[in-house]
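Structural overview
Below, each chain spelled out in residue letters.
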Amino acid sequence: MRNNIVAGNWKMNKTMSETEALVTELAAMLPNTKAEVMVAPAFVNLAGAVGSLSNSTIEVIAQNMYFAESGAYTGEISADMLLNIGVSTVIIGHSERRAYFGETDEILAKKVRAALQKNMRVMFCFGEELGDRKSGNHFKVVESQLQNALFSLDANAWPHLILAYEPVWAIGTGETASPEQAQEMHGFIRETLAQKYGSGIANAVSILYGGSVKPSNAAEIFSKPDVDGGLIGGASLVANDFIAIIKAI
Ligand code: PEP
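So, here's what we can say about the structure. (Residues numbered from 1 in each chain as written. Predicted model: local features only at pLDDT ≥ 70, side-chain atom pairs only at ≥ 80, totals over all residues. Heavy atoms only, no water.)

Considerations on unusual backbone geometry
Where we set the bar: Between buried and exposed lies partly exposed: a residue is buried under 20% and exposed over 50% of the maximum accessible area for its type, with that area taken using a 1.4 Å probe on protein chains only. Helix and strand definitions follow DSSP, with helices as H or I runs of at least four residues and strands as E runs of at least two, each counted in order from the N terminus.
A positive phi angle, near 65°, is found at Asn119, a position not held by glycine. Judged by relative accessible area, which is 63%, Asn119 ranks as exposed. Unlike most non-glycine residues, Ser212 shows phi in positive territory, near 55°. Structurally, Ser212 can be placed in the loop between β7 (207–210) and α10 (218–222). According to the relative accessible area criterion, Ser212 is buried, its value standing at 15%.

Focus: the pairing of β7
We apply this condition: Strand pairing follows a simple DSSP-based rule, namely that at least 2 bridges must link the two strands.
Side chains of β7 alternate between two faces, with Ile207 and Tyr209 and Leu208 and Gly210 buried alike. Sheet topology places strand β6 (residues 161–165) next to β7; three bridges connect them, and they run parallel. Paired with Ala164 across the strands is Leu208, a residue of β7. Pairing of β7 with strand β8 (residues 229–232), which is carried by two bridges, proceeds in the parallel orientation. Considered in β8, the bridge of Gly210 is made with Leu231.

The structure is reproduced here in structure tokens:
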């Protein structure tokens, strides 16, 4: 269902005690909101965060997972491991996974399928690099990322998918897509989905924007009709900032 969602991606930040402190602060400060609020701590801190947030509506989600069920994949984490500790939503395709860990569209397609087969919800990230935008190829790049990783899925997969459009040039750079640029791309994504799966599915998918969202720009970005919330990196590590962004939706 198309919900408003604000999710914090904590990346490789915060020790166990720091994670505990931040989730406790967020739970205490959480405003009354219809938006779904999610946080994605590092793997080792997931179970602790799930425990600390057991009485909160804040959902704990994972930053990544591997596509195999189990076996000799040193360092990897499976869907069953996440489900077993109470984590049922996973981010797949973050640009840092693509850039630093060689995750291709093909690998991401396998991860998406593996998560969906376990009835997990997937937050799929994608977005163009600066060069793509400068050369005017950004729509083509985004369309091919969607096609390669998601368009072989059946229509019944889509209620379990959340999309996060994150232009790589805006992630962690302080540079944000303008609200108009975000709306233009989100409208294009919804139209591309409508062409492939029909407008019912396209209009029911939450499409989040990610890339240097902060308290000062969140409200304007979230006010755009095809922007259903945000995936927040840096600003989600500071309780006051993350709460201000949640209030902006
Ligand atoms: C992200 O990594 O998903 C992200 C959007 O980061 P930041 O908000 O720091 O740009």
